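So you can see what is in the structure, the chains are spelled out below.
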Amino acid sequence: MAQTVSLAELNRRTASPFLYAVNGRSVQQISEVGLNTFDVDLSLGFRETTCPRGRANHLGHCLDMWSPSMVTGSCSSRVRVSRGYALLLSLHCVIDSSSSESSSSSEEEGVLVRVRAPIAAQVPGIVLCRGVGRCNRLLW
């Protein structure tokens, strides 16, 4: 659910004529912030697909776009997850320097999306796991 919310926001906020899809994911941390409510910190890799905007429900049927101009990148996100809902708290995505035409020394120019929820929604919680290995064991 956390990955789906993060990807949906990435696709909603970008100007690309094509949809992005996740090509790698790792859970960095899970924190309990309330009864059956958790903050999940994710790292996501993404790539451009051949699906034009408007086909969001069929993203699983999209082919990877393989061309010199294909955009790839990575995101870090925090999503609050509970029974039946997921709320995106933060999302920060950057384009890989090798996939953008102009290479820049400033990371800020490579920023594709930056979203931050209001401070009131960012309550610190009890850390249940930290690190990819520990969190993946907890999830499986």
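Note that the structure is predicted; figures quoted are calculated from it, not measured. (Residues numbered from 1 in each chain as written. Predicted model: local features only at pLDDT ≥ 70, side-chain atom pairs only at ≥ 80, totals over all residues. Heavy atoms only, no water.)

Asker: Teacher, can you tell me more about the overall build of the protein here?
Answerer: In terms of helices and strands, the protein carries 2 helices and 6 strands. Along the protein, helices and strands appear, N-terminal first, in the series α-β-β-β-β-β-β-α. Per-residue burial for the protein yields a buried fraction of 39% across its 140 residues. (Helix = DSSP H or I, 4+ residues; strand = E, 2+ residues; numbered from the N terminus. Buried < 20%, exposed > 50% of the residue type's maximum accessible area, 1.4 Å probe, protein only.)

Asker: Help me understand the side chain of S16 in this model?
Answerer: Mapped onto the elements, S16 comes out in the loop between helix 1 (2–13) and strand 1 (18–34). Polar contacts involving the side chain of S16 include one to the main-chain amide nitrogen of F18, which spans 3.0 Å. Within the local environment of S16, its side chain forms a polar contact with the side chain of E48, the two groups lying 2.9 Å apart. With residues near it in sequence (within four places) discarded, S16 still touches E48 and R53. (Polar contact = N/O pair within 3.5 Å; in protein donor to acceptor, adjacent residues only side chain to side chain. Contact = heavy atoms within 4.5 Å.)

Asker: So what exactly am I meant to see when it comes to the environment of R53 here?
Answerer: Summarising the element assignment, R53 is placed in the loop between strand 2 (37–52) and strand 3 (72–82). It is 6.0 Å that separates the C-alpha atoms of R53 and P17, two residues lying 36 residues apart in sequence. Setting aside anything within four residues of it in sequence, one finds R53 in contact with N11, T14, A15, S16, P17 and L19. Polar contacts involving the side chain of R53 include one to the main-chain carbonyl oxygen of T14, which spans 2.4 Å.

Asker: Hey, could you run me through the side chain of Q29 in this one?
Answerer: Turning to its location among the elements, Q29 is positioned in strand 1. Residues within four places of Q29 in sequence aside, it is in contact with D39, V40, D41, R78, V127, C129, R130 and C135.

Asker: How should I be thinking about the environment of Y20 in this particular structure?
Answerer: Residue position: Y20 is located in strand 1. On a C-alpha basis, the gap between Y20 and G73 in space is 9.8 Å, while along the polypeptide they are 53 residues apart.

Asker: Which parts of the structure should I look at to understand the packing of aromatic side chains?
Answerer: This structure, assessed with the given rule, holds 1 aromatic pair. Each ring, one from Y20 and one from F46, has its centre 5.1 Å from the other, and the planes form 75 degrees; the classification is edge-to-face. With a gap of 26 residues between them, Y20 in strand 1 and F46 in strand 2 connect regions that are remote in the sequence. Residue classification places Y20 among the buried positions, given a relative accessible area of 3%. Judged by its relative accessible area of 2%, F46 falls in the buried class. (Phe/Tyr/Trp six-rings, centres within 6.5 Å; stacked < 30°, edge-to-face > 60°.)

Asker: Whenever I open this one, the state of the cysteines confuses me. Can you help?
Answerer: One way to say it: the disulfide is the covalent bond shared by the sulfur atoms of two cysteines. Summed over all chains, the structure comprises 1 disulfide. Between the sulfur atoms of C75 and its disulfide partner C93 the distance amounts to 2.0 Å. Looking along the S-S bond of the C75-C93 disulfide, the torsion reads about 110 degrees, which is the right-handed sense. One end of the pair, C75, is in strand 3; the other, C93, is in strand 4 (residues 85–95), and 18 residues separate them in sequence. Each member of the pair, C75 as well as C93, is classed as buried. (Disulfide = S-S within 2.5 Å.)

Asker: What is the right way to look at the nonpolar core in this model?
Answerer: Nonpolar side chains tend toward joint burial in soluble globular proteins. Judged by nonpolar contacts, the single largest core of 20 residues is most densely connected at L10, F46 and C75. Elements represented by at least two residues in this core include exactly helix 1, strand 1, strand 2, strand 3 and strand 4. A total of 4 residues in this core trace back to one element, the largest contributor, which is strand 2. (Core = buried A, V, L, I, M, F, W, Y, C linked by side-chain atoms within 4.5 Å.)

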